[in-house]
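A closer look at the structure
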Amino acid sequence: PAYEAYQTFVGDEDNGVAPAPELTTALEQLKVLPKTKVMARQMLERLYTKAFVDKLANGDYEFVAVNPEDGGKTYARDEVDAALMLYNLFIIGPGMDQEAAAQGDEKWNLEQYLTPEESAWFSYLSDAEDFYEKGPSFANSTATYAIAQPLLDGLFNEVQTQVVNGEHQHIAKLRFAHAETIIPLVALMKLVGSRQGAEVGTLMTQENNEWRGGWVSPYAANIQWDVYQNADQQVLVKMLYNEKEVAFKEGC
């Protein structure tokens, strides 16, 4: 049920299922911000002619990128979509040394396509999209992070069975996943950086919300529970988030 609620919230463009109206509105508001339009055009006109970018902005073209692994599609219907694709390549470029080497390049100099100001603005747009679709999202909804409950239950279960109940079958349990797993889990746990949803009708900004993708789910993001037990069988759990000790949410 939690997964079905999430699918209903985010929609399925490939199958013609629209997202929740409040999500559609928020994401559209981000795209039409004047600064978004200006930055997108600046970025694209370094690569393409003004006439081509004009056609993109007018909606004269629609481009579709298809994931060869699962058939998933990403659409570029205007200049902002195209600029977001360029930005997404820019941010993963440092992790693609092997791909660059396979083409005979020492590395890909993607910095030439974005200024620091453009990068900062599109970082905000990317953060906001993840915030709404995977993170704390709207204050009146839990759809984006309720799906992480089995992971949180699993953490508590390990403490209970392995330490409190004394089974001691292993000294560690490790799970490896992606941002799509980390982001909802920390939102469910209400860890620092993921404690505040946005009110419907009020756009999430860096001024009114603490959520930052660079902290919430950077490269090699991690959550760690260290469990201690003394001779009197008292148990203490310490949590590390991205190698920094953090508090459990109030009331936990």
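No experiment lies behind these values; they were computed from the predicted model shown. (Residues numbered from 1 in each chain as written. Predicted model: local features only at pLDDT ≥ 70, side-chain atom pairs only at ≥ 80, totals over all residues. Heavy atoms only, no water.)

1. Describing the layout of surface pockets
One number sums up the size of the second largest pocket: a volume of about 320 Å³. Forming the walls of the second largest pocket are 14 residues, and the residues nearest its centre are Tyr48, Ala76, Ala82, Met85 and Leu86. Of all the secondary structure elements, the ones that give two or more residues to the lining of the second largest pocket are helix 4 (50–57), strand 1 (63–66), strand 2 (73–76) and helix 5 (79–92). With five residues, the top contributor of residues to the lining of the second largest pocket is helix 5. (1 Å grid on protein atoms, 1.4 Å probe; cavity = no way out; pocket = protein on both sides within 12 Å on 5 of 7 lines; lining within 4 Å. Points joined across faces, edges and corners; volume = space filled by probe spheres on them. Helix = DSSP H or I, 4+ residues; strand = E, 2+ residues; numbered from the N terminus.)

2. Quick word on a nonpolar patch on the surface
Nonpolar side chains collect at one region of the surface, where Leu89, Ile91, Ile92 and Tyr219 lie side by side and expose about 370 Å² of accessible area between them. Here Tyr219 lies in the loop between helix 10 (213–216) and strand 3 (223–229). The class for Tyr219 is exposed, based on a relative accessible area of 60%. (Patch = residues over 30% accessible without salt bridge, like charges linked within 9 Å, V, L, I, M, F, W, Y side chains within 5 Å. Areas by Shrake-Rupley, 256 points an atom, 1.4 Å probe, with all protein chains shown as cover. Salt bridge = Lys/Arg side-chain N within 4 Å of Asp/Glu carboxyl O. Buried < 20%, exposed > 50% of the residue type's maximum accessible area, 1.4 Å probe, protein only.)

3. Structural notes on the confidence of the model for the chain
When pLDDT is averaged across the chain, the result is 94; 100% of the residues are at 70 or more. The least confident element of the chain is strand 2, whose mean pLDDT is 88; the most confident is helix 3 (residues 34–44), at 97. (pLDDT = per-residue confidence, 0-100.)

4. Describing the side chain of Ser119
Within the fold, Ser119 resides in helix 7 (residues 116–133). Residue Ser119 is classed as buried on the basis of its relative accessible area of 18%.

5. Some thoughts on the packing of helix 8 (residues 149–164) against helix 9 (residues 179–189)
Contact geometry of helix 8 with helix 9 gives a least axis separation of 9 Å together with a crossing angle of 70°. The angle between helix 8 and helix 9 places the two elements in the roughly perpendicular class. The chirality of how helix 8 crosses helix 9 is right-handed. Across the interface between the two elements, Gln149, Leu151 and Leu152 of helix 8 pack against Thr181, Leu185, Leu188 and Met189 of helix 9. Each residue belonging to the contact of helix 8 with helix 9 can be placed in one class, and the counts come to five nonpolar, two polar and no charged. (Axes fitted to C-alpha atoms, helices over the stretch in contact; angles between N-to-C directions. Parallel < 35°, antiparallel > 145°, perpendicular 65-115°, else oblique. Left-handed = near helix turned anticlockwise from the far one by under 90°. Contact = heavy atoms within 4.5 Å. Nonpolar A, V, L, I, M, F, W, Y, C, P; charged D, E, K, R; others polar.)

6. A short note on the pattern of salt bridges
What the rule picks out here adds up to 12 salt bridges. Between Glu13 and Arg77 there is a salt bridge, with the nearest N and O atoms lying 2.6 Å from each other. One end of the pair, Glu13, is in the loop between helix 1 (2–10) and helix 2 (21–32); the other, Arg77, is in the loop between strand 2 and helix 5, and 64 residues separate them in sequence. Looking at Arg77, the relative accessible area reads 34%, which means it is partly exposed. Put simply, Arg41, Glu45, Lys50 and Asp54 are held in one network by salt bridges that share partners.

7. Quick look at the packing of aromatic side chains
What the rule picks out here adds up to 14 aromatic pairs. Relative to Phe90, the ring of Tyr87 has its centre 6.2 Å away and its plane inclined at 40°; by these criteria the two rings are tilted. With Tyr87 and Phe90 both in helix 5 and three residues apart, the pair spans about one turn of that helix. By the burial criterion, Tyr87 is buried, and Phe90 matches it. (Phe/Tyr/Trp six-rings, centres within 6.5 Å; stacked < 30°, edge-to-face > 60°.)

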